[in-house]
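A look at the structure
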Amino acid sequence: MDVKAELIWALGHIRHEESAEVIRDFLLDPSERIRRVSAHCLAEMFSMESLESIKWAMENEKSDRVKVEQLKAILLLIPGDTKYRSMMIEMLKSRDRWVRLVAVESMVELKLKE
């Protein structure tokens with residue numbers, strides 16, 4: 001991991017609202033890796049503000065690799081949401097093998113069923 005990703009990871013595990021404010025800014029970082037780590041760490045904070053930030057960032061996200069992580073984060077916070085469950089299932093059709101793998105792992109981890 002690079003230093004920025006490690007910083008975000010550490011802030012995410014502090015789980016203070018002040019940390020969440022800093023992490024939210026990284027949801028739009030040019031680096032896919034930073035955007036993925038940011039979504040994951042915000043989900044770990046279990047707050048509605050974090051949820052809304054991840055949803056907002058996902059609206060304009062182009063990378064399936066980032067979207068699948070954002071979906072996992074959202075479904076960690078609201079597992080019963082059918083819209084996001086359907087979007088995760090759609091990730092299984094991605095041309096990117098890594099995205100399909102993360103989607104399957106996420107569905108197993110979150111106990112999502114079609």
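Heads up: these notes are all about the structure in this document.

Parameters at a glance
- Residues numbered from 1 in each chain as written.
- Predicted model: local features only at pLDDT ≥ 70, side-chain atom pairs only at ≥ 80, totals over all residues.
- Heavy atoms only, no water.
- Helix = DSSP H or I, 4+ residues; strand = E, 2+ residues; numbered from the N terminus.
- Expected span 1.5 Å × (residues − 1).
- Buried < 20%, exposed > 50% of the residue type's maximum accessible area, 1.4 Å probe, protein only.
- Contact = heavy atoms within 4.5 Å.
- Polar contact = N/O pair within 3.5 Å; in protein donor to acceptor, adjacent residues only side chain to side chain.
- Lys, Arg positive; Asp, Glu negative; His and termini not counted.
- Salt bridge = Lys/Arg side-chain N within 4 Å of Asp/Glu carboxyl O.
- Core = buried A, V, L, I, M, F, W, Y, C linked by side-chain atoms within 4.5 Å.

With that settled, consider helix α5 (residues 64–77). Because each turn of an α-helix spans 3.6 residues, side chains separated by three or four positions in sequence point in the same direction. Between its terminal C-alpha atoms α5 stretches 20 Å, which fits the 20 Å expected from 14 residues at 1.5 Å a residue. Among the 14 residues of α5, 10 are classified as buried, and the element is accordingly described as predominantly covered. Taken as a whole, α5 has its buried residues at Val 66, Val 68, Glu 69, Gln 70, Leu 71, Lys 72, Ala 73, Ile 74, Leu 75 and Leu 77. Those residues of α5 that are buried are in contact with α3 (32–43), α4 (48–59), α6 (82–91) and α7 (97–109). Taking the backbone nitrogen of Arg 65 as reference, a side-chain oxygen 3.2 Å away marks Ser 63 as the first, capping residue of α5.

As for its placement among the helices and strands, Arg 36 is situated in helix α3. Glu 32 is the oppositely charged side chain nearest to the buried, salt-bridge-free Arg 36, at an N-O distance of 4.1 Å. Residues contacting Arg 36, with those up to four places away along its chain left out, are Arg 65, Val 66, Glu 69 and Trp 98.

Within the largest apolar cluster, 34 residues are counted, with the highest numbers of intra-cluster contacts made by Ile 8, Ile 23, Leu 42, Val 68 and Met 88. Mapped onto this core, the elements with two or more residues apiece are α1 (3–14), α2 (17–25), α3, α4, α5, α6 and α7. Once you skip the residues sitting within four places of it in the chain, Ile 8 turns out to touch Ile 23, Phe 26, Ile 34, Val 37, Ser 38 and Cys 41.

Helix length check: α3 (12 residues) gives 17 Å between terminal C-alpha atoms against 16 Å at 1.5 Å per residue, within 8%. Burial analysis of α3 places 9 of its 12 residues in the buried class, the great majority of the element. Burial in α3 covers these residues: Ile 34, Arg 35, Arg 36, Val 37, Ser 38, Ala 39, Cys 41, Leu 42 and Ala 43. In the core, the buried residues of α3 are packed alongside α1, α2, α4, α5 and α7. If you check the start of α3, you find a side-chain oxygen 3.3 Å away from the backbone N of Arg 33, and it comes from Ser 31.

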